[in-house]
Every structure is written in C-alpha cells, then in structure tokens.
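Analysis of the macromolecular model
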Amino acid sequence: MGLCSINYQSQFEAAIDRLKNENRYRVFANLERDAARFPTATWRPDDPSEQARQVTIWCSNDYLGMGGHGKVRAAAIDAIEKHGVGAGGTRNISGTHQPIVQLEVELADLHGKDSALVFTSGWISNLASLSVIAELMPNCLILSDALNHNSMIEGIRRSGCEKKLWRHNDMAHLEELLIEAGPDRAKLIAFESLYSMDGDIAPVGRIVELAKKYNALTYVDEVHAVGMYGPRGGGICEREGVMGSIDIIEGTLAKGYGGLGGYIAANAAIVDAVRSYAPSFIFTTTLPPAVVAAARAAVRHLKESGDERARHQHMAALTKHALRAAGLPIMQNSSHIVPLMVGDAELCKAASDLLLTRHDIYIQPINYPTVDIGTERLRITPTPRHDEAHVAELVEALVDVWRTLDLPFVEPQVIPLRRLRAIVDAVDPQCAYPEMKKAAE
Ligand SMILES: *Cc1c(COP(=O)(O)O)cnc(C)c1O
C-alpha cells in the first residue's frame, strides 16, 4: 500500500453502478451500416460466440438516407482523391480548404443569409455560437425554451449571461418574460424549430412576431428540420415563410444531410464575430475535405429534389397510422418522428432488447435524462428507404413485444395480427394526416 488511501478505481465503479441501478446505463449496439441496403445493417452481439445478424434500423437520424446516396458518396471519394484525407490545420492556420469555402456559400444561400460558418458538429455550433453571441451583447438576457437541447444549454451556460426559461412552446410565458426584461436590455430568444423527442414543432411565426415587437434577437436550432422541411430543405422557418426574420439559424450536416458537421447562417457581422471569438471554432482542426464535399452534395441535392422529403413524410404517416391501428400508444405530433411511449426505463430497455433479439429490429431505448422519468420511449424514425413491408414487420414485432411484456395497448382494440398487413397496405396517409399533405405535395 502506498501513502494515499484513496481508491480511485472504486469511485468510477460506483458512478457506473449508480447508472445501472437507475436503469440508465447506456449499451451501444455494434452496427455495420450498408450504404446500398440501408436501413438494413449487420448487428454484432457483444457475446463473440453469437452470430452476426441482419437487422432493420428504425431509429437512425440519417433521416433521409443521404449518408448512402450515390451523389454524396461520389463527392466524398472524389474529394479524397483530389485533396487527401485531412484538412491539414485549423481554419486560421492552413486549414481553410476550397470545399469548406464552397459549403459555406451553399449554406448561406440555403437560408438566405449573408454568411455561414461550418463547425465540427452541430453540438459545437451551438456551444460556440450561443456563448459568443450572448457574451458580446452587454447585459444580455437569454430567453431559452425549457426543452432546448443539451448543446444549447451548454452554450448558454458558457456565455455567463443571465438565462430565463420559458415554458415549452408557451408564447404567453415568453411574452411575459420579454415585457419583464424591458426595452433597454439586450434579449436573445433561443429555441428549436422541431423538438426531437416529442416531434412537436415550435410556433416560429409567433416567436418572430414577439421578437419584433420587443426588439429581441432570435436564434433557432433547425437540426431536426434542415433538409427535411421547406421547399429547398431550409427547415421549418423556410416552410413557414419566416426564415428571413430569424437572426441566427443553426443546423447540422449529420442528420437530414447524412454526414458530419454543424453550422450557423446569419448576417455578416454576427458570423464574423463568432468566427473571431469562439475557441471551439478557432482551436480545432477543420473538417476534412471529403466530409465537407459530401455535405455540400447532400445540401445541393435536397435544394433541388423534393422526392426524399415527400417519401419521408409518407413513410412517417404510414408508420404512425399502422401503429395507431394496432393500438400502440404513440404520441401525436405533426412531424416525421414517431414516439412510442413505454413510461418505464426497465421495460423500455426490455422492449428494445426483445425487438432486437427476437425480431431483428433495432430501436434504441430513450431513457432519462434524454427524456423525463416516466416518459421513457422507443423513438421511431421512418426514412424514405423503409418500405411497406418494413412497416408491417415493425407493427407485428411491436404487438408481440407489447404482449410479451404485458405493456398497455390503447384504443382502438388490438387488431388481429393477420389483418395488420392489409391495414398497412390500405393506409392513405394523405387522408389520414391533413397536416402531412402540405409537405407531401
Ligand atoms: C443532435 C442535435 C444537435 C447536435 O448535432 P450534431 O451534429 O449531432 O452534433 C444539436 N441540436 C439538437 C436539437 C440535436 O438534436
């Protein structure tokens, strides 16, 4: 024994045990994605004596399957051949390559702004941008939606500014806080356009109106909407016709666009300030040319093509309809996200395990702290690459899992399994979901 009596090892073990006791220890699934066969992938169980299996992924954030799109793969390969693998430096020191300059032009155009700035991830975009923007406005008050993403919370915290939460999507509460702050104080309203766990959409038009009325700056996270909503994939604010009134738009290249990276688009002065002041932008190596070229190909493709968006909405509507018809308790929303409620961490994990081991369907359980305790769920994300047969398999598997674990069904009563395929075939999402009609057109 040494002089020191601290047992370092046991402190980490105790921390892990706490998570396990609360049923929120995360277990990762080892997946080998197959670009040609997405959403099918190879899953390798942790136990090396078990065989690898073909599974269907139902929880990917590669929402449109752009990660495997032919144009996107070709752009990445071409960039590697031309420029090699790495960027060779930070943006300031030899790392500002031509593909990233072109991508920033593309993104500024997507959102109708002067400039855009690309970061190594969406998470870093929020950290860097919210912290610098708020910090540079003396005595700034940040008004933050109560359900904002962790990356926004971290950015706000780092700014050192005062923050007030407004109740999720509650416009009366936001207005109250704006009035309370008074006309002489700098105010930054930070929110998401589409909340990824419930799939609900912010009243962006109303937020913009309030921001104008009380002279506040607006910062929107469109991470779950870019590529997927709006005539050119500019997001919910584009679809609602308010993109021009939003001061800072933040997005990711890792979800709808299927790659990696994040960005903001805004007026020239704001972008220049973030570029110049944010350590998490300055002191890190630029994304490599291949990743950036792939993202640009995806952005360009989705500006022109509405096919992926239409099919995405169609498959989401179809999935919701089929689950509802089977009496499975999905949360209602008007987006592409299908939250299937379980309400218990242990059962949620058990449902996920059964889906994988018995039915070759992979849906990761979503537990606290990603969602509140008691609202644990399976978050299902249909893509344009899923088809009707996938939906039928999903419904049959879920009904089996619900019965096996004795989970509650909701109205209407359970439809006999043999009828499910017929239901799925018969669904007309255009009629069932008027709110989807707009997007599908
Ligand atoms: C995923 C996510 C991010 C982070 O984006 P990455 O590109 O994955 O780092 C930011 N905001 C929200 C709301 C997200 O869900």
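Above this text sits the structure in question.
Residues numbered from 1 in each chain as written. Predicted model: local features only at pLDDT ≥ 70, side-chain atom pairs only at ≥ 80, totals over all residues. Heavy atoms only, no water.

Side note on the site of the ligand
Around the ligand sit 14 residues in total, of which Gly122, Asp221, His224, Thr252 and Lys255 are the nearest. Within the side chain of Asp221, one N or O atom sits 2.7 Å away from a nitrogen atom of the ligand. A distance of 2.9 Å is found between an oxygen atom of the ligand and a side-chain nitrogen or oxygen belonging to Lys255. For the ligand, the accessible surface in isolation is 380 Å², of which the surrounding protein chains cover 86%. Among the elements that line the shell around the ligand, the one with the most residues is helix H4 (residues 122-135), at three residues. Across the shell around the ligand, the residue classes tally to three nonpolar, eight polar and three charged. (Near = heavy atom within 4 Å. Polar contact = N/O pair within 3.5 Å; in protein donor to acceptor, adjacent residues only side chain to side chain. Areas by Shrake-Rupley, 256 points an atom, 1.4 Å probe, with all protein chains shown as cover. Helix = DSSP H or I, 4+ residues; strand = E, 2+ residues; numbered from the N terminus. Nonpolar A, V, L, I, M, F, W, Y, C, P; charged D, E, K, R; others polar.)

Focus on helix H2 (residues 70-83)
Taking 1.5 Å per residue as the helical rise, H2 with its 14 residues ought to reach 20 Å, and the 20 Å between its terminal C-alpha atoms agrees with that figure. Among the residues making up H2, those that are buried are Val72, Ala75, Ala76 and Ala79. Projected down its long axis, H2 carries its buried residues within an arc of 95°, all on one side. Opposite the buried face of H2, by more than 90 degrees, sit the exposed residues Ile77 and Glu81. Of the surrounding elements, those touching the buried residues of H2 are helix H11 (289-304). In the segment just after H2, Gly84 is the residue with positive phi, at about 85°. (Expected span 1.5 Å × (residues − 1). Buried < 20%, exposed > 50% of the residue type's maximum accessible area, 1.4 Å probe, protein only. Arc of directions from axis to C-beta. Contact = heavy atoms within 4.5 Å.)

Looking at the sheet that holds strand E12 (residues 361-362)
Read across the open sheet, the four strands follow the order E1-E2-E3-E12; overall the sheet is mixed. Either end of the sheet is taken by a strand with one partner, and the two such strands are strand E1 (30-33) and E12. Taken together, the four bridges between strand E2 (residues 40-44) and strand E3 (residues 53-57) define a ladder with antiparallel strand orientation. Each residue of the ladder has a partner; that of Thr42, found in E3, is Gln54. (Pairing = 2+ DSSP bridges.)

A closer look at helix H12 (residues 307-325)
Taking 1.5 Å of rise per residue, 19 residues should cover 27 Å, and H12 covers 27 Å from first to last C-alpha, within 8% of that figure. Two residues or fewer after H12 comes Gly327, characterised by a positive phi angle close to 80°.

With respect to empty space enclosed by the protein
For the coordinates displayed, the defined rule picks out two cavities of 30 Å³ or more. For the largest cavity, the calculated volume is near 80 Å³. Around the largest cavity sit Arg91, Ile100, Val118, Phe119, Thr120, Ile124, Ser280, Phe281, Thr284, Thr285, Thr286 and Leu287, which together line it. For the lining of the largest cavity, the secondary-structure elements that each account for two or more residues are strand E4 (115-119) and helix H10 (279-282). Split by residue class, the lining of the largest cavity holds six nonpolar, five polar and one charged. (1 Å grid on protein atoms, 1.4 Å probe; cavity = no way out; pocket = protein on both sides within 12 Å on 5 of 7 lines; lining within 4 Å. Points joined across faces, edges and corners; volume = space filled by probe spheres on them.)

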